[in-house]
Number of protein chains: 2
Amino acid sequence: MGISERKEREREEMKEMITTAAMKMFLEDGYAKTSIRNIADSIEYSPGTIYLYYKDKDELLYEVQRQAYLKLLEAFKAAVTLQDPLEKLGQLGKAYVKFGLENPELYDLMFIIRAPTNVDEQLHVDNGLDAFGFLIEILEGCMKENLLVFKDIHLGALQVWSMVHGLVSLNIRCRLKIMIEDEKDTPMVLNRAVEEYLNSIRA
Amino acid sequence: MGISERKEREREEMKEMITTAAMKMFLEDGYAKTSIRNIADSIEYSPGTIYLYYKDKDELLYEVQRQAYLKLLEAFKAAVTLQDPLEKLGQLGKAYVKFGLENPELYDLMFIIRAPTNVDEQLHVDNGLDAFGFLIEILEGCMKENLLVFKDIHLGALQVWSMVHGLVSLNIRCRLKIMIEDEKDTPMVLNRAVEEYLNSIRA
DNA sequence: GCATTTACTGAACACTGTTCATTACATTTG
DNA sequence: CAAATGTAATGAACAGTGTTCAGTAAATGC
């Protein structure tokens, strides 16, 4: 039965076509301003068709988020090249901030905006697991050699992630203007903040 | 001319009536799900009337945010009672997390959601200035006595605020489930995270 | 070749933020 | 006091939204 396999393939291609268009438009105009009709127009299908492939607009967001988490993990892997656990952590922190600065709209989609209808939010747990696991592994590497002040690894991960997420998300929501006068200094200032923080948690 | 004064007073009362209803509904159902028609219904006026007092829905959000920043500053002032600068900073950090945990919807309105139409976001700078100034003052108190590792006060403020905002906002967006198994432990864990962090930045 | 399944359409529904001609009322003027 | 003016409020209308679903057209199975 080659036909059902081809149909399955075509279905996947169609789903990808939709998410690709959705991703593009979410990043250009933001999630809220992108309508199902706009997405349908851009791929030259009728609005109803999209609902044959995705339950609602939220599910489209979740799919885009899933891809974004993969992209984040790839950025992590590409950035962390050294062997020393502490250096690894430094590279990871800077890669996180870099990712948030270079892809503000994507970061927004991943961690800041909320899907309006669905309040469940269980999906994120699974979606972000790989990228988060990468952080945990590096932290474990540091803590095995007693290089950090943390006693509990989960509490350490919570702190590290909160710091970098705080830096990135406050910047994206323009809450840093009070502290950073010249906007073009932002990457430098955020990097220094990460560096200083990592210095302060060294054992 | 007592009439024009009465009219001005009535206008202010009307504006307050609208923002009070808006605040209530924003907190109950969220900004996105609250419609101008719903607000108008709840105060028994027609939708058009609201536009005689506020330019658009965003301006209603900004007004609610302004009030929320005042509320945050009051929470700060009530929480910070001790004299020692470091103790003050500890009280402030815990008050921030407490505020975010007890008023998640309000915190969302203040720091996380984005007004869809307006992208300006200049207002926040002025709106949050008082509450932020409070943090700066306490930090200055610490740094005058060389109690912290920070060399630059702005970089220190950036770090401290990013940490507490990171903790609160990741929690609100349900991104902490990976690290905190039992949800009822959240306040305890976040407080410990703040404590540990403040310990690590002590000189 | 015909019946059935599948993919797609686009009108329709109930909503949204916002505008504006019209109305009802309060105030000022003659 | 009555007429003219100014102001506050209305609610229908506009262009948009997410979502559904009866109807259609094409591909598949027999």
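Residues numbered from 1 in each chain as written. Chains lettered and ligands numbered in written order. Predicted model: local features only at pLDDT ≥ 70, side-chain atom pairs only at ≥ 80, totals over all residues. Heavy atoms only, no water.

> Sorry, what's going on with the interface of chain A and chain B here?
Reports often express the size of an interface as the amount of accessible area lost when the parts come together. Residue-level contacts link 50 residues of chain A with 49 residues of chain B. Where chain A abuts chain B, roughly 4,500 Å² becomes buried across the two surfaces, and 64% of that area is made up of carbon and sulfur atoms. Connecting chain A to chain B are four salt bridges. A salt bridge links D108 of chain A to R114 of chain B; the shortest N-O distance between them is 2.6 Å. Our count for the chain A to chain B interface comes out at 14 residue pairs in polar contact (both at pLDDT 80 or more). At the level of secondary structure, the elements contributing two or more residues to the side of chain A that touches chain B comprise helix 4 (57–79), helix 6 (104–112), helix 7 (123–127), helix 8 (129–144), helix 9 (153–172) and helix 10 (186–200) of chain A. Per-element accounting of the side of chain A that touches chain B gives the leading share, 13 residues, to helix 9 of chain A. Residues that form the side of chain A that touches chain B fall into these classes: 27 nonpolar, eleven polar and twelve charged. (Contact = heavy atoms within 4.5 Å. Buried area = accessible area lost by both parts, 1.4 Å probe. Salt bridge = Lys/Arg side-chain N within 4 Å of Asp/Glu carboxyl O. Polar contact = N/O pair within 3.5 Å; in protein donor to acceptor, adjacent residues only side chain to side chain. Helix = DSSP H or I, 4+ residues; strand = E, 2+ residues; numbered from the N terminus. Nonpolar A, V, L, I, M, F, W, Y, C, P; charged D, E, K, R; others polar.)

> Mind showing me how you'd approach the packing of aromatic side chains here?
Aromatic ring pairs are defined here through the distance separating the ring centres and the angle between the ring planes. Under the criterion given, the structure shown has 19 aromatic pairs over all chains. Their ring planes at 55° and their centres at 5.2 Å tell us that F132 of chain A and W161 of chain A sit as a pair that is tilted. Taken as a pair, F132 of chain A in helix 8 and W161 of chain A in helix 9 lie far apart in primary sequence, 29 residues in all. By relative accessible area, F132 of chain A is classed as buried at 6%. Arranged with centres 5.9 Å apart and planes meeting at 75°, the rings of F111 of chain B and W161 of chain B form a pair that is edge-to-face. Remark: W161 of chain B occurs in helix 9 (residues 153–172) and F111 of chain B occurs in helix 6 (residues 104–112); sequence separation between them is 50 residues. (Phe/Tyr/Trp six-rings, centres within 6.5 Å; stacked < 30°, edge-to-face > 60°. Buried < 20%, exposed > 50% of the residue type's maximum accessible area, 1.4 Å probe, protein only.)

> What is the right way to look at the protein's contact with DNA strand D in this model?
Near DNA strand D, the surroundings consist of 19 residues, among which R6, R37 and Y51 of chain A together with T49 and Y53 of chain B are the closest. Backbone atoms, meaning sugar and phosphate, form 57% of the atoms of DNA strand D found within 4 Å of the protein. A distance of 2.4 Å separates a phosphate oxygen of DNA strand D from a polar side-chain atom of R6 of chain A. Separating a phosphate oxygen of DNA strand D from a side-chain N or O atom of Y51 of chain A is a distance of 2.7 Å. (Near = heavy atom within 4 Å.)

> Hey, could you run me through the protein's contact with DNA strand C in this one?
Surrounding DNA strand C, one finds 19 residues, the nearest of these being T49 and Y53 of chain A together with R6, R37 and Y51 of chain B. Taken together, the sugar and phosphate atoms account for 57% of what DNA strand C places within 4 Å of the protein. One nitrogen or oxygen atom from the main chain of S46 of chain A is found 2.8 Å from a phosphate oxygen belonging to DNA strand C. Between a phosphate oxygen of DNA strand C and a side-chain N or O atom of S35 of chain B, the distance comes to 2.9 Å. Breaking the surface near DNA strand C down by element, the ones donating at least two residues are helix 3 (47–50) of chain A together with helix 1 (2–29) and helix 2 (36–42) of chain B. Class assignment of the residues belonging to the surface near DNA strand C gives a composition of six nonpolar, seven polar and six charged.

> Sorry if this is basic, but what is going on with the domain arrangement of chain A here?
Residue and element names in this part refer to chain A. Per the domain assignment, the segments making up chain A are domain 1 (1–54) and domain 2 (66–200). Once you take the C-alpha centre of each, domain 1 and domain 2 turn out to be 30 Å apart. Facing six residues of domain 1, the contacting portion of domain 2 comprises six residues. For the pair domain 1 and domain 2, the summed buried surface comes to about 570 Å²; carbon and sulfur atoms form 76% of the total. Area buried by domain 1 at its contact with domain 2 is led by M23, L27 and Y31, which between them contribute 78% of it. (Domains from an automatic or database assignment.)

> Explanation requested: the pattern of salt bridges in the structure shown.
A side chain of one charge can pair with a side chain of the opposite charge if their charged atoms are brought near each other. Taken as a whole and assessed by the stated rule, the structure comprises 22 salt bridges over all chains. One salt bridge connects E10 of chain B with R6 of chain B, and the closest N-O pair in it is separated by 3.3 Å. Separated by four residues within a single helix, E10 of chain B and R6 of chain B lie in helix 1, roughly one turn from each other. When salt bridges with common partners are traced through the structure, they connect E105, D108 and R173 of chain A together with R114 of chain B into a single cluster.

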